[in-house]
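A structural walkthrough
So you can see what is in the structure, the chains are spelled out below.
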Amino acid sequence: MVIAVSGNFTTDAAKFICYKVEKESVRERECIFTPPGGKGPLIRQFIGLEIDLLITGNISGELEEALSDAGISVIKGISGAEDQILKEYLNGTLNF
């Protein structure tokens, strides 16, 4: 599973953390910078990275719908440090 975590995700967000997770363990962690150009390039980037889930603070309804249409789940309304957010998600203690 590939999980992206960002505190505030919009089409002009600068970066997010991408985690490759296997059996509830992080196998890879990488800071990814988002492409310019809005929603289209961003969706293509997410698809190319094979992201399954985005955990974020805020997200526009339009972007959330586009991600959903691409098969990417979204958990929104989350704040904090990315590594801690992921840890809580994997432990089943993330409140959303």
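My aim in this report is to walk through the structure given alongside it, one point at a time. Keep in mind that this is a model prediction, so the values were computed, not measured.

Side note on the overall build of the protein
Broken down by element type, the protein carries three helices and five strands. Beginning at the N terminus, the succession of helices and strands in the protein can be written as β-β-β-α-β-α-β-α. If you line up the protein on its principal axes, its C-alpha atoms span 35 × 25 × 20 Å. Expressed as a percentage of its 96 residues, the buried residues of the protein come to 38%. Look at the contacts in the protein between residues 6 or more apart in sequence, and 42% of them connect residues 24 or more apart. Of the roughly 5500 Å² of accessible surface on the protein, 45% is carried by carbon and sulfur atoms. Separation between the mean location of the 9 positive side-chain charges and that of the 14 negative ones in the protein comes to 4 Å.

Looking at the sheet that holds strand 5 (residues 73-75)
The strand order 3-2-1-4-5 describes an open sheet built from five strands, whose pairing is mixed. If you trace the sheet from one side to the other, it starts and ends with strand 3 (25-33) and strand 5, each paired once. The average undirected angle you get between the axes of adjacent strands in this sheet is 20°. Bridge count between strand 2 (residues 15-22) and strand 3: eight bridges; the pairing is antiparallel. The partner of phenylalanine 16 across the bridge, within strand 3, is isoleucine 32.

A word on the nonpolar core
In this structure, Phe16, Phe46, Ile51 and Leu67 are the most contacted members of the largest nonpolar core, which totals 15 residues. Val5, Leu53, Ile78 and Leu90 belong to the second-largest nonpolar core, a separate cluster that totals 13 residues.

Describing the pairing of strand 4 (residues 53-56)
Taking every second residue as pointing to the same face, both faces of strand 4 are buried, with Leu53 and Ile55 on one and Leu54 and Thr56 on the other. For strand 1 (residues 2-6) and strand 4, the ladder comprises four bridges, and the chain directions are parallel. When the sheet's bridge partners are listed, alanine 4 is paired in strand 4 with leucine 54. In this sheet, strand 5 lies alongside strand 4 in parallel orientation, the contact comprising three bridges.

What to know about the environment of valine 5
With respect to the helices, strands and loops of the structure, valine 5 is situated in strand 1. Residue classification places valine 5 among the buried residues on the basis of a relative accessible area of 0%. In the structure, valine 5 is positioned 77 residues away from glutamate 82 in sequence and 5.8 Å away in space, judged by C-alpha atoms. Other than its neighbours up to four places away in sequence, valine 5 contacts Phe16, Ile17, Tyr19, Ile55, Glu82 and Ile85.

Cut-offs and rules
Residues numbered from 1 in each chain as written. Predicted model: local features only at pLDDT ≥ 70, side-chain atom pairs only at ≥ 80, totals over all residues. Heavy atoms only, no water. Helix = DSSP H or I, 4+ residues; strand = E, 2+ residues; numbered from the N terminus. Buried < 20%, exposed > 50% of the residue type's maximum accessible area, 1.4 Å probe, protein only. Contact = heavy atoms within 4.5 Å. Areas by Shrake-Rupley, 256 points an atom, 1.4 Å probe, with all protein chains shown as cover. Lys, Arg positive; Asp, Glu negative; His and termini not counted. Charge placed at Lys NZ, Arg CZ, Asp CG, Glu CD. Pairing = 2+ DSSP bridges. Axes fitted to C-alpha atoms, helices over the stretch in contact; angles between N-to-C directions. Core = buried A, V, L, I, M, F, W, Y, C linked by side-chain atoms within 4.5 Å.

Structural measurements only, silent on function.
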